[in-house]
Amino acid sequence: MPDRSTIFALSSGRPPAAIAVVRVSGSRSGIALEKLIGRLPEPRKAALARVRDPGSGEVIDEALALWFPAPHSETGEDVAELQLHGGQAVIAGVLDALSTIEGCRPAEAGEFTRRAFENGRLDLTAVEGLADLIAAETPAQRRLAFRQLKGLIGDRAEAWRRRLIEALALVEARIDFSDEADVPEDLLGPALHAAQQLRDEIAGVLADGRRGERLRDGLVVAIAGPPNAGKSTLLNRLARREAAIVSPHAGTTRDIIEVHLDLDGYPVTLLDTAGIRDSTEPVEQEGVRRARERAAAADLVLWVIDGSAGGVAIDGRPKNLGNAAIWLVLNKIDQANASPCAAAAPHDNSEYEFTLSISALTGVGVDALAMALSAYAKTYFAATESAVITRARHRHALEETVAALDRALVQDHSNGEELMAEELRAATTTLGRLTGRVDVEDILDVIFRDFCIGK
């Protein structure tokens, strides 16, 4: 068991602020609260109280105090909470006072959530959903993270695990209790049928095109092209701030610059890359190598070239940029007798998916480009609302589960019960690892409950 000291921490944002929340969790939370305010409030009801230093009796602040007895609290332990004025001195005074109380110590990073997990208040997928909810930058990410926190995959995994336990119990009963009069003869048939249904169901969830991971990570758009094409100016125009240095000298951008955007509720990461050309300068060579590498790994590449000459010769799709969709962006049309495209349109004479004409300097055509990017992001993230898997860990666990079920289903019915049971047990354990709740004893519970063996 981990150290069960009572822990405390500031649970709100960095001061100064209008309100600061200090949370205490552990067996001595009630004692700590009594020492600070002189009493225990009625459970789950806010009470106005003066917070005093236990040593000197000096009033630190007047605050709202709340008391949550175990197990009906966020961590499953006794929890106390103080809603204070959010000044530096007030917060420091309360934290210092708590540190003088025996058995209390400052919490470590994530320790409140870890205790909630250890006490069964959250499973691992809900913990991950909570982390994603805090990190969410767009409404779409927020909605997916909240659904994860509320059991999107955790509840389903637990339901799958229970069904697997039922199937495993049938096989175990066939192996261990075949001589008992009250055990039916045909137990493997129903067990295999249940395993096949589960296998197909989980495989269907896996065949989702990685929508959840894509939404969580965001659409990656690399701005690439030759030097001095206006890539950094375009990045700044789309970001609506000076995120990249702009210079008339070729080779200004050496390293990758990232900007995170919210396009109509969808997360997009823009990458400004070094101008791609042959160079003998070592630092620029490294910048070009990184530019090609990041562009090749992007979901969409905006290949920006100088379009001021009007009829620009286009010699096909840029090489070594992977399989990403590539849009051709003709920049600097303010310096030519060209007119901007009103919207993204197919380019009939090249290998590019779209061609657009803009002036990153004046902003002409940039709104059309932003609208095209928004439409692309909407299509890219289509059906993410129904996504179940949001992390590589989830996918790996479910893939292992399907593999174990496949191995169980190919066993010889006549003499492969032990191997079948072992593979079903492996699938059950893998699902248990997904949520963090692995318990082999409940297999026996099902056997004794359903078959009344040895009553």
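Residues numbered from 1 in each chain as written. Predicted model: local features only at pLDDT ≥ 70, side-chain atom pairs only at ≥ 80, totals over all residues. Heavy atoms only, no water.

(A) Up close: the overall build of the protein. Within the protein, the secondary structure is distributed over 14 helices and 12 strands. Here the protein, with 455 residues, has 48% of them falling under the buried criterion. Across the protein, contacts joining residues at least 24 apart in sequence account for 67% of those joining residues at least 6 apart. Of the roughly 22,300 Å² of accessible surface on the protein, 51% is carried by carbon and sulfur atoms. (Helix = DSSP H or I, 4+ residues; strand = E, 2+ residues; numbered from the N terminus. Buried < 20%, exposed > 50% of the residue type's maximum accessible area, 1.4 Å probe, protein only. Contact = heavy atoms within 4.5 Å. Areas by Shrake-Rupley, 256 points an atom, 1.4 Å probe, with all protein chains shown as cover.)

(B) The arrangement of the sheet that holds strand S12 (residues 354-357) in detail. If you trace the 6 strands from one edge of the open sheet to the other, you get S8-S9-S7-S10-S11-S12, paired in mixed fashion. Edge strands, defined here as strands with exactly one partner in the open sheet, are strand S8 (257-263) and S12. With direction set aside, neighbouring strand axes in the sheet form an average angle of 25 degrees. Note that strand S7 (residues 219-224) and strand S9 (residues 266-272) share 5 bridges and pair parallel. Residue pairing in the sheet places isoleucine 223 in a bridge with aspartate 272 of S9. On top of the sheet, helix H11 (residues 366-380) reaches S7, S8, S9, strand S10 (300-306), strand S11 (325-331) and S12; it is set at about 175 degrees to S11, its chief contact. (Pairing = 2+ DSSP bridges. Axes fitted to C-alpha atoms, helices over the stretch in contact; angles between N-to-C directions.)

(C) Quick peek at the packing of aromatic side chains. Tallied over the full model, the rule gives 5 aromatic pairs. Between tyrosine 376 and tyrosine 380 the ring centres are 6.4 Å apart and the planes differ by 20 degrees, which places this aromatic pair in the stacked class. Of this pair, tyrosine 376 and tyrosine 380 both sit in helix H11, separated by 4 residues, roughly a single helical turn. Looking at tyrosine 380, the relative accessible area reads 16%, which means it is buried. Three or more aromatic residues joined by ring pairs make a cluster, and in this case those are Tyr266, Trp327, Phe354, Tyr376, Tyr380 and Phe381. When the ring centre of tyrosine 380 is taken as origin, the NZ or CZ atom of arginine 214, which lies over that ring, is 4.1 Å away. (Phe/Tyr/Trp six-rings, centres within 6.5 Å; stacked < 30°, edge-to-face > 60°. Lys NZ or Arg CZ within 6 Å of the ring centre and 35° of its normal.)

(D) Structural view of the side chain of arginine 211. Counting through the fold element by element, arginine 211 comes out in helix H8 (residues 211-217). For the buried arginine 211, no salt bridge exists, and the shortest N-O distance to an oppositely charged side chain is 5.4 Å, to aspartate 208. (Lys, Arg positive; Asp, Glu negative; His and termini not counted. Salt bridge = Lys/Arg side-chain N within 4 Å of Asp/Glu carboxyl O.)

(E) Representation of the environment of valine 388 within the structure. Mapped onto the elements of the fold, valine 388 is located in the loop between H11 and helix H12 (392-409). What valine 388 contacts, discounting residues up to four positions off in sequence, is Gln148, Leu152, Ile153, Arg156 and Val205.

(F) Main features of helix H7 (residues 188-206). Over its 19 residues, H7 extends 27 Å from the first C-alpha to the last, a length consistent with the 27 Å expected when each residue adds 1.5 Å. Every buried residue of H7 is accounted for by Leu188, Ala191, Leu192, Ala195, Leu198, Ile202, Val205 and Leu206. Across the axial projection of H7, the buried residues extend over an arc of 145 degrees, all falling on one side. (Expected span 1.5 Å × (residues − 1). Arc of directions from axis to C-beta.)

(G) Here's a closer look at the sheet that holds strand S5 (residues 79-86). Strand order in this open sheet of 6 strands is S3-S4-S5-S2-S1-S6, and the pairing throughout is mixed. Bordering the open sheet on either side are strand S3 (47-52) and strand S6 (104-106), each of which pairs with just one other strand. The average angle at which neighbouring strand axes cross in this sheet is 30 degrees, direction not considered. Bridge analysis of S3 against strand S4 (residues 59-68) gives 6 bridges, and the strand direction is antiparallel. Across the sheet, residue arginine 52 finds its bridge partner in S4, namely valine 59. Running over the sheet, helix H3 (residues 111-118) touches strand S1 (6-10), strand S2 (17-25) and S6 and is turned about 135 degrees from S1.

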